[in-house]
Amino acid sequence: MRGFRWPPPPDGGPRTWGPAPTGPRTGRPTLPSPPTELIDGPAGVRLEQLTSGVGTPVAVFAHGLAGDISGTRPLGSAVRGRRVFFQFRGHGRSSAPPGPWSFADLAAELRAVADHASATRALGVSMGAGALCRLLADTPDRFERVVFYLPAPLDGVRSPAAVNRLGRLLAALDTGEAALVAEAVEAELPPSVRHTPAGWSHLRHRVEQLMRDGLSADLDSLWPAPAVPDPAALAKVTARALVLGCAGDDVHPVRVAERLAATFPDADLHIYDRPSVLWTNRSDLRDRISTFLNA
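Cut-offs used in this document
Residues numbered from 1 in each chain as written. Predicted model: local features only at pLDDT ≥ 70, side-chain atom pairs only at ≥ 80, totals over all residues. Heavy atoms only, no water. Core = buried A, V, L, I, M, F, W, Y, C linked by side-chain atoms within 4.5 Å. Buried < 20%, exposed > 50% of the residue type's maximum accessible area, 1.4 Å probe, protein only. Helix = DSSP H or I, 4+ residues; strand = E, 2+ residues; numbered from the N terminus. Contact = heavy atoms within 4.5 Å. Pairing = 2+ DSSP bridges. Axes fitted to C-alpha atoms, helices over the stretch in contact; angles between N-to-C directions. Right-handed = clockwise from strand over helix to strand, strands pointing away. Parallel < 35°, antiparallel > 145°, perpendicular 65-115°, else oblique. Left-handed = near helix turned anticlockwise from the far one by under 90°. pLDDT = per-residue confidence, 0-100.

## Looking at the nonpolar core
The tendency in soluble globular proteins is for nonpolar side chains to be buried as a group.
Inference 1: Core analysis: the biggest nonpolar cluster contains 61 residues, and Phe143 and Phe148 have the highest contact counts within it.
Inference 2: Per element, the largest residue contribution to this core is eight residues, and it comes from helix H3 (residues 127–138).
Inference 3: If we ignore the near neighbours within four places in the chain, the residues touching Phe148 are Gly124, Ala129, Leu132, Cys133, Leu136, Ala241, Leu242, Val243, Leu244, Leu260 and Phe264.
Inference 4: Formed by 21 residues, the second largest nonpolar core is a distinct cluster that contains Phe61, Tyr272, Leu285 and Phe292.

## Structural notes on helix H5 (residues 178–186)
Inference 1: Here H5 has its buried residues at Val181, Ala182, Ala184, Val185 and Glu186.
Inference 2: Buried residues along H5 sit against helix H4 (160–175) and helix H6 (197–213).

## Some remarks on the sheet that holds strand E8 (residues 267–272)
Inference 1: Spatially, E1-E2-E4-E3-E5-E6-E7-E8 is the arrangement adopted by the eight strands of the open sheet, whose pairing is mixed. At either end of the open sheet lies a strand with only one pairing partner, and these are strand E1 (37–40) and E8. Here the strands of the sheet are splayed against their neighbours by 20° on average, with no regard to which way each runs.
Inference 2: Pairing of strand E3 (residues 58–62) with strand E4 (residues 82–86), which is carried by five bridges, proceeds in the parallel orientation. Residue pairing in the sheet places Val58 in a bridge with Arg82 of E4.
Inference 3: Most of the contacts of helix H7 (residues 254–263) go to E8, to which it runs at about 165°, and overall it touches strand E6 (145–149), strand E7 (240–246) and E8.

## Observations concerning the pairing of E7
A regular strand carries its side chains on alternate faces of the sheet.
Inference 1: In terms of burial, E7 is largely enclosed, as six of its seven residues are buried.
Inference 2: The pairing of E6 with E7 spans five bridges and is parallel. Residue Arg145 lies in a different strand from E7, and its bridge partner there is Arg240.
Inference 3: Both E7 and E8 contribute to a ladder of six bridges, which runs parallel. Residue pairing in the sheet places Cys246 in a bridge with Tyr272 of E8.
Inference 4: In this fold, E7 hands off to H7, which returns the chain to E8; that crossover is right-handed.

## Observations concerning the packing of H5 against H6
Any two packed helices are characterised by how steeply their axes cross, that is the angle between the axes, and by the distance between the axes.
Inference 1: Where H5 contacts H6, the two axes come as close as 10 Å, and the packing angle between them is 125°. What the angle tells us is that H5 and H6 run oblique. Between H5 and H6 lies a crossing of right-handed hand. Judged by residue contacts, Ala178, Val181, Ala182, Val185 and Glu186 of H5 engage Leu203, Arg206, Val207, Leu210 and Met211 from H6.

## Examining the confidence of the model for the protein chain
Inference 1: Taken over all residues, the pLDDT of the protein chain has a mean of 90, while the share at 70 or more is 89%.
Inference 2: In the predicted structure, residues 12–30 sits below a pLDDT of 50 and forms 35 contacts with residues beyond four places in sequence or in another chain.

## Quick notes on the pairing of E3
Inference 1: Most of E3 is tucked away: five of the five residues are buried.
Inference 2: Alternating positions in E3 separate into two faces, Val58, Val60 and Ala62 on one and Ala59 and Phe61 on the other, with burial throughout.
Inference 3: As defined by bridge partners, E3 adjoins strand E5 (residues 121–125) across four bridges and the pair is classed as parallel. Along E5, the bridge assignment pairs Ala62 with Gly124.

Right, dumping it as structure tokens:
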């Protein structure tokens, strides 16, 4: 049986061991990330952001826990107008002020980026969805359209899988060993993608980014305080909402997406039938998001 290997092959792999010939290798090394900039956020926090596209409408994209800009860019690839991707505190090149932190802090950062870009639409992934909910609870009319992809629980109660996932990644980063970080990242990939050119490319990029920029351990202080103290406040949201969940995801249970969609006065809900949607159903996900945000 072929096991895990680090570093990945220079051309993206895959590789087999032994004297037998291998099949053609079509993978390519990861390309350099596009240049980003730092903008002033609330309370002296500097936030890393990337802007692409031109014109209107303007949409802001908020990543999930331990995520990054590259993880949200595919979600906006077919969205018209200007797209603004950024890193929350403790991620990438953004500042990491002393903890503990709260979802109010994340909501303030999301608001700062949105205000700076005059964004009228927003998308949040997992933790980013929680920050977006907190912003909307405080300012129900801030956006015209909002998307919640794999939303995190708003009550501060995380699943054991979510707790273990962050703990495993932080522990690996603490060792400073790229191979251990790669093992933690690989565990998040669907088995069908591992040892493929696409899987190697993703793995190489994520490990390089995490080893270069790190990840703040204070992220764990975001819980157990609720992301939104009073979810009933979301009933006043004026934006049209799209909530996307998927079955079989231990970190993002379907019931969370269903409950969130029921909270908003004007929301559409779609549940995918298997997890790892970005890998297993990327085209439909991209089209569904762009159709909604481009309307």
